[in-house]
Amino acid sequence: MKTYYKNIYAVLSINRFIVLTVSICALGSSAFCGWIVYDIHQKALNSSFAINTDGSVIPLKWVNQQENLLVESLAHLELFHTYFYDIDASNYEKNLEKALWLGNSSVDNLYRQKKADGVYNRLLQYSLIQKVVSIESQVDLQQTPYAFKTTTVFEINRGTVIDRYELVSTGNLIIVDRNYPHNTHGLLITNYFENILKKISNED
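The model shown is predicted, which means the values in this text are computed figures rather than measured ones. (Residues numbered from 1 in each chain as written. Predicted model: local features only at pLDDT ≥ 70, side-chain atom pairs only at ≥ 80, totals over all residues. Heavy atoms only, no water.)

Peer 1: Explain the pattern of salt bridges to me, using residue names and the numbers behind them.
Peer 2: One pass over the structure, following the stated rule, counts eight salt bridges. Ionic pairing is found between Lys131 and Asp86, a salt bridge with its closest N-O pair at 3.7 Å. Linking Lys131 in strand S4 (residues 129-140) with Asp86 in the loop between helix H2 (65-85) and strand S3 (87-88), this pair joins segments that are 45 residues apart in sequence. What makes Lys131 partly exposed here is its relative accessible area of 46%. Notably, a salt bridge pairs Arg158 with Asp163, separated by 2.8 Å at the nearest N-O pair. (Salt bridge = Lys/Arg side-chain N within 4 Å of Asp/Glu carboxyl O. Helix = DSSP H or I, 4+ residues; strand = E, 2+ residues; numbered from the N terminus. Buried < 20%, exposed > 50% of the residue type's maximum accessible area, 1.4 Å probe, protein only.)

Peer 1: Run through the sheet that holds strand S5 (residues 146-157), naming residues and quoting values.
Peer 2: The strand order across the open sheet built from five strands is S3-S4-S5-S6-S7, with neighbouring strands paired in antiparallel fashion. Where the open sheet ends on each side, the last strands, each with one partner, are S3 and strand S7 (187-200). Relative to S4, S3 is paired through two bridges, and the arrangement is antiparallel. The partner of Ile87 across the bridge, within S4, is Gln130. (Pairing = 2+ DSSP bridges.)

Peer 1: I'd like a description of the nonpolar core, backed by residues and values.
Peer 2: Counting residues in hydrophobic clusters, the biggest one holds 29 residues, and the most contacted among them are Phe80, Phe84, Leu173, Ile189 and Tyr192. For this core, the elements supplying multiple residues, two or more each, are H2, helix H3 (92-100), helix H4 (105-116), helix H5 (119-125), S4, S5, strand S6 (162-175) and S7. For this core, the leading source of residues is H2, giving five residues. Those residues in contact with Phe84 that lie beyond four places of it in its chain are Leu96, Ala99, Val107, Leu110, Tyr111, Lys114, Tyr120 and Glu194. (Core = buried A, V, L, I, M, F, W, Y, C linked by side-chain atoms within 4.5 Å. Contact = heavy atoms within 4.5 Å.)

Peer 1: Report on the pairing of S4, specifying residues and quantitative values.
Peer 2: Here S4 pairs with S5 via 11 bridges, running antiparallel. Across the sheet, residue Val132 finds its bridge partner in S5, namely Phe154. In sequence, S4 turns back onto S5 through a hairpin of five residues.

Structure below.
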């Protein structure tokens, strides 16, 4: 009995069609799976979950980072000015070290200048206590870097005399990687400058 063979070109055409079909289906499946993963990721970014006392899952909406930026900026500035200016003989080294993590070289240069001027030596020599009374900051978030202006009121306790001062400082804020526990807000103070320092009465 004579065996008839199919045309080799017809067999190759069928094989090519099958390979293309499988490849297209595989690419389509991969694209669909990728879209599903992306969609799940986006939903996860916008919500988190907490476990209630009864074991139920409570969805919590995350606030957009931009909406939190003002709050974090004000908190960062308050933290820095507290560390940098709320000092005494027992805590100034620890506080200043923490403050230097929150700013760039402009803060470090100011610290070195104060040290060279004997500010911290006088703190030790006369057992002075410098206490921050209030910190008020304004931040412009319209463009980067974010410009700020901070008014810090602090008192210097000289034992029998307490003098009160008002300091107006300016600078910029830039976004950096969060560094726990040194820089939890992920912001860095740049171009820091003490503009105005004046003595005020305790009634002001």
